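Notes for the structure review
Listed below, chain by chain, are the residues.
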Amino acid sequence: MNSRPVGQLDNMSNESNADGPRNSRRSPVVVPGEDLGPSEGVEAGHGVLVVGDRVKSTKQGRMNRKGNTISVSPLHTKYMPRPGDLVIGHIEGCTNNIWFVDIGAPFNSILPMSLGPSKVEFGGTRKVLDIGDSILCRVQEVEETHQSVVTMKGMGLRKIRSGALDELDPHLLGHLIGKGGSFLRAMKMETDCRIVVTDNGRLWIDGDLENILEVRKRIENISSDARIVGVGA
Amino acid sequence: MGGYGDVQMIDENGLRMDGRKPGDVRPITIETGVVPVADGSCRMVWGTNEAIVAVYGPMEAHPRKIQRQDRAVIDVAYNMAPFSTTDRIRPGFNRRSREISKVTKDALESVVLLELYPRSKIRVSIEIISAEAGTRCVGLTAASVALADAGIPMTDMVVSVASGKVNDVVVCDLNKEEDNYGEADLPMGILPNTGELVFLQMDGDLSPDEFKQAWDYNVDAAMQVHKLMVEALKGGAN
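Calculation notes
- Residues numbered from 1 in each chain as written.
- Chains lettered and ligands numbered in written order.
- Predicted model: local features only at pLDDT ≥ 70, side-chain atom pairs only at ≥ 80, totals over all residues.
- Helix = DSSP H or I, 4+ residues; strand = E, 2+ residues; numbered from the N terminus.
- Expected span 1.5 Å × (residues − 1).
- Buried ≥ 20, exposed ≤ 12 C-beta atoms within 10 Å, placed from the backbone.
- pLDDT = per-residue confidence, 0-100.
- Contact = placed C-beta atoms within 7 Å.
- Pairing = 2+ DSSP bridges.
- Core = buried A, V, L, I, M, F, W, Y, C linked by C-beta atoms within 7 Å.
- Axes fitted to C-alpha atoms, helices over the stretch in contact; angles between N-to-C directions.

Let us now look at helix α2 (residues 135-149) of chain B. Residues and elements named next belong to chain B. Look at α2: 21 Å from first C-alpha to last across 15 residues, which is about the 21 Å you get at 1.5 Å a residue. In terms of burial, α2 is largely enclosed, as 15 of its 15 residues are buried. At the exit of α2 stands Gly151, carrying a positive phi of roughly 80°.

What follows concerns the confidence of the model for chain A. For any part of a model where pLDDT is low, the fine detail of the predicted coordinates should not be relied upon. Residue and element names in this part refer to chain A. Summarising the model, chain A shows a mean pLDDT of 83, and 85% of its residues fall at 70 or more. Counting interchain partners and residues more than four positions distant, the pLDDT-below-50 stretch residues 1-24 has 35 contacts. Here residues 229-233 scores under 50 on pLDDT; set against residues more than four positions off or in separate chains, the count is 18 contacts.

So, on to the sheet that holds strand β8 (residues 69-74) of chain A. All names here are of chain A. A sheet is described by the order of its strands in space; here 4 strands give the open sequence β2-β7-β8-β4, paired in mixed fashion. The sheet is open, and its two borders are formed by β2 (29-30) and β4 (43-44), each paired with just one other strand. Strand direction decides the pairing type here: β4 and β8, joined by 2 bridges, are parallel. By the bridge assignment for β8, Ala44 is matched with Ile70.

All names here are of chain B. The side-chain alternation of strand β4 (residues 73-80) yields one buried face, formed by Ile74, Val76, Tyr78 and Met80, and one unburied face, formed by Val73, Asp75, Ala77 and Asn79. Examined bridge by bridge, β4 and strand β5 (residues 120-130) share 8 bridges and lie parallel to one another. Opposite Val76, over in β5, you have Val124 as the bridge partner.

All names here are of chain B. Cis geometry marks the peptide bond from Gly57 to Pro58, where omega comes out at 5°. Along the polypeptide, Pro58 turns up in strand β3 (residues 49-60). Backbone torsion omega between His62 and Pro63 reads -5°, so that peptide bond is classified as cis. Looking at the element boundaries, Pro63 is found in the loop between β3 and β4. Phi is positive for Arg119, which is not a glycine, with a value near 70°. Relative to the helices and strands, Arg119 is located in the loop between α1 (95-109) and β5.

Looking now at the nonpolar core. Grouped together as the largest cluster of nonpolar side chains are 81 residues, with contacts concentrated most on Val53, Val55, Leu108, Ala142, Ala146, Leu147 and Met229 of chain B. If we ignore the near neighbours within four places in the chain, the residues touching Met229 of chain B are Ile30, Val145, Met157 and Val159 of chain B. Ranked by size, the runner-up nonpolar core spans 23 residues in total, among them Val87, Ile103, Cys137 and Ile195 of chain A.

Now for the environment of Val166 of chain B. All names here are of chain B. Note on placement: Val166 falls in strand β6 (residues 159-166). In this structure the C-alpha to C-alpha distance between Val166 and Met229, which are 63 residues apart in sequence, comes to 28 Å. Setting aside residues up to four positions removed in sequence, Val166 forms contacts with Met9, Ile10, Val171, Glu178, Gly182 and Glu183.

Residues and elements named next belong to chain A. On the basis of which strands lie adjacent, the open sheet formed by 3 strands has the order β3-β6-β5 and antiparallel pairing. Both outer strands of the open sheet, β3 (35-38) and β5 (48-51), are each paired with one neighbouring strand and no more. Ignoring strand direction, the axes of neighbouring strands in this sheet form an average angle of 25°.

The next point concerns the pairing of strand β7 (residues 169-172) of chain B. The side chains of a regular strand alternate between the sheet's two faces. Residue and element names in this part refer to chain B. Inspection of the sheet shows β6 paired to β7 by 4 bridges, in the antiparallel sense. The residue of β7 that forms the bridge with Val166 is Val169. Between β6 and β7, which follow one another and run antiparallel, lie 2 residues, and Asn167 among them has a positive phi close to 50°.

In structure tokens, the structure reads:
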């Protein structure tokens with residue numbers, strides 16, 4: 001459990017706590033409804049709202065100010081699909097010619113028979129991909145209503161048959177990958193695992209069981225560290 | 001109404017049975033991230049009340065008939081554990097839990113930016129582990145923290161506090177005896193940054209002056225509780 005007591009009536013303190021000294025160089029964390037200053041001459045970016053003549057935060061996250069744009073980088077995010085994203089999806093249902101895929105977004109995606117992994121006869125969708133199967137696919141299009149279509153036509157897109165799957169908050173992927181992919185490359189070398197990182201925060205790890213467990217442990221560390229120190233995007 | 005046998009719930013010094021002054025709030029502890037599998041969660045201990053709230057979503061809304069084409073829907077499930085009170089509670093939903101789920105949903109809908117997630121659902125599960133008095137306030141306040149923890153966009157966080165009347169004295173944050181044997185109860189949901197009211201219920205009778213006093217107590221207490229909520233959410237992140 002990555003929880004810890006954080007607020008009590010009589011022992012509130014801005015001093016250092018058991019987690020060590022607070023890092024003042026980081027941009028401040030804001031919470032929903034927090035006043036971020038006057039709106040005059042300011043552009044509202046992600047996670048903020050202009051209410052009257054004030055800018056207010058709508059999410060819990062770190063406040064960023066770039067030029068005259070104020071935004072909030074959330075500490076927790078839900079994946080929102082964009083065309084071209086590589087994602088790992090789970091088959092949640094199917095009809096005669098469509099699969100419904102959970103890609104971790106607020107809305108399920110569809111995988112039409114024509115974009116499936118192989119030639120499928122009408123009514124034979126479950127023979128190719130059954131409910132509960134996991135697939136590596138790509139977001140083909142996202143409609144205005146957030147409905148998205150994924151495809152398995154493309155290099156490397158396949159049904160996942162081996163290894164293990166893990167998850168990480170999408171905004172923490174940068175910490176897993178590192179600058180220019182350095183951190184991920186080092187992890188692959190050290191653990192001798194095949195690691196596929198997808199845009200929806202799901203990871204496919206393939207290799208020996210011990211190595212898979214090692215990778216999962218490292219990913220868990222990234223996630224728990226982010227909880228403790230509030231790593232932003 | 002109005003008595004607790006011969007026991008005076010307010011003594012000659014104006015103190016209550018638990019030693020608090022009329023405007024005092026019970027001790028509060030807030031933790032976030034207590035349910036690892038949830039998108040956001042909160043554990044709130046308020047006096048001897050304890051609630052755990054888990055938020056999941058936004059997610060695909062099922063069954064499809066509950067989907068709204070222009071906004072998300074919030075599905076609140078308030079439940080008291082069978083062991084949460086001295087008398088065992090029959091498990092499952094009842095009339096009271098349905099009512100509290102509904103008022104909590106209505107209060108949260110006024111702050112969550114639902115239009116950003118059309119056709120989806122945000123599931124809020126409120127589980128009361130220990131109940132003394134004012135569990136609807138604890139549940140609603142903890143739900144606000146859990147929603148913020150889940151990264152759900154909101155215009156503000158709802159803080160809910162109740163005041164009431166005991167032995168003709170208006171008091172803030174009623175405990176069990178005051179709630180059971182007092183003369184009135186006024187739970188409110190307040191948006192601390194704007195002072196707006198999103199939830200109000202009243203049980204019993206209050207004169208206009210008493211109502212004003214209870215209102216003021218609730219607003220003052222909401223500001224104190226909001227401070228703790230902000231601290232809990234900022235946690236060690238600064």
